[in-house]
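Remarks on the overall topology
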Amino acid sequence: MSVFERIYDVVCAIPKGKVATYGQVALLAGNPRWARVVGYALHKNPAFGVIPCHRVVNREGKTAPAFAFGGEDVQRQMLEAEGIVFDDDGRIDLTVYGWLPPQK
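The rules behind the values
- Residues numbered from 1 in each chain as written.
- Predicted model: local features only at pLDDT ≥ 70, side-chain atom pairs only at ≥ 80, totals over all residues.
- Heavy atoms only, no water.
- Disulfide = S-S within 2.5 Å.
- Buried < 20%, exposed > 50% of the residue type's maximum accessible area, 1.4 Å probe, protein only.
- Helix = DSSP H or I, 4+ residues; strand = E, 2+ residues; numbered from the N terminus.
- Arc of directions from axis to C-beta.
- Polar contact = N/O pair within 3.5 Å; in protein donor to acceptor, adjacent residues only side chain to side chain.
- Contact = heavy atoms within 4.5 Å.
- Core = buried A, V, L, I, M, F, W, Y, C linked by side-chain atoms within 4.5 Å.
- Axes fitted to C-alpha atoms, helices over the stretch in contact; angles between N-to-C directions.
- Parallel < 35°, antiparallel > 145°, perpendicular 65-115°, else oblique.
- Nonpolar A, V, L, I, M, F, W, Y, C, P; charged D, E, K, R; others polar.

Moving on: the state of the cysteines. All chains considered together, the criterion is met by zero disulfides. With no disulfide of its own, C12 lies closest to C53 among cysteine sulfurs, the gap being 9.8 Å. C53 gets classed as buried once you look at its relative accessible area, which sits at 4%.

Structure follows, in structure tokens:
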């Protein structure tokens, strides 16, 4: 399985109404140093709408400044449609909306 496939598998596991950080996805995909690789993989998402790349945010709970699939604020709109609330600074409370995968 390729690195991108591992990343996409992790991202596909993030449930509706939850988010994960780039670093978290990297760690779960096999290498905590792959955060930038995660960003690149999501930018190249081969199945938008199937692989929910909009559910990945930065470590501060902020969305991408220019979401690859629709432009500025589209990622936020998609997350709000799933019930995720942003604070006045445009951040998501990761203690509320952060995804915790099941322990193996």
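Moving on to helix α3 (residues 35-43). Residues of α3 that are buried: V38, A41 and L42. Taken around the axis of α3, the buried residues stretch over an arc of 95°, which confines them to a single face.

This next bit is on the side chain of T21. Mapped onto the fold, T21 is located in strand β1 (residues 20-21). Looking at T21, its side chain comes within polar contact range of the main-chain nitrogen of Q24, at 3.0 Å. In contact with T21, other than residues within four places in its own chain, are V56, V57, N58, R59 and L94.

By size, the foremost hydrophobic cluster in this structure holds 17 residues, and its most contacted members are I7, V11, I14, V25, V38, L42 and V56. Looking at this core, the element that brings in the most residues is helix α1 (residues 3-13), giving four residues. Those residues in contact with V38 that sit more than four places away from it in its chain are I7, Y22, V25 and A26. Of all hydrophobic cores here, the second largest spans seven residues; its members include V57, L79, I84 and I92.

This part covers the packing of α1 against α3. Working note: a packed helix pair is described by the angle between its axes plus the distance between those axes. Where α1 meets α3, the closest approach of the two axes is 10 Å, and the angle between their N-to-C directions is 85°. In this view, α1 runs roughly perpendicular relative to α3, as classed from their interaxial angle. Note on element contacts: α3 touches α1 through V37, V38, Y40, A41 and L42, opposite V3, F4, I7, Y8 and V11. Considering only residue class, the contact of α1 with α3 consists of 10 nonpolar, no polar and no charged.

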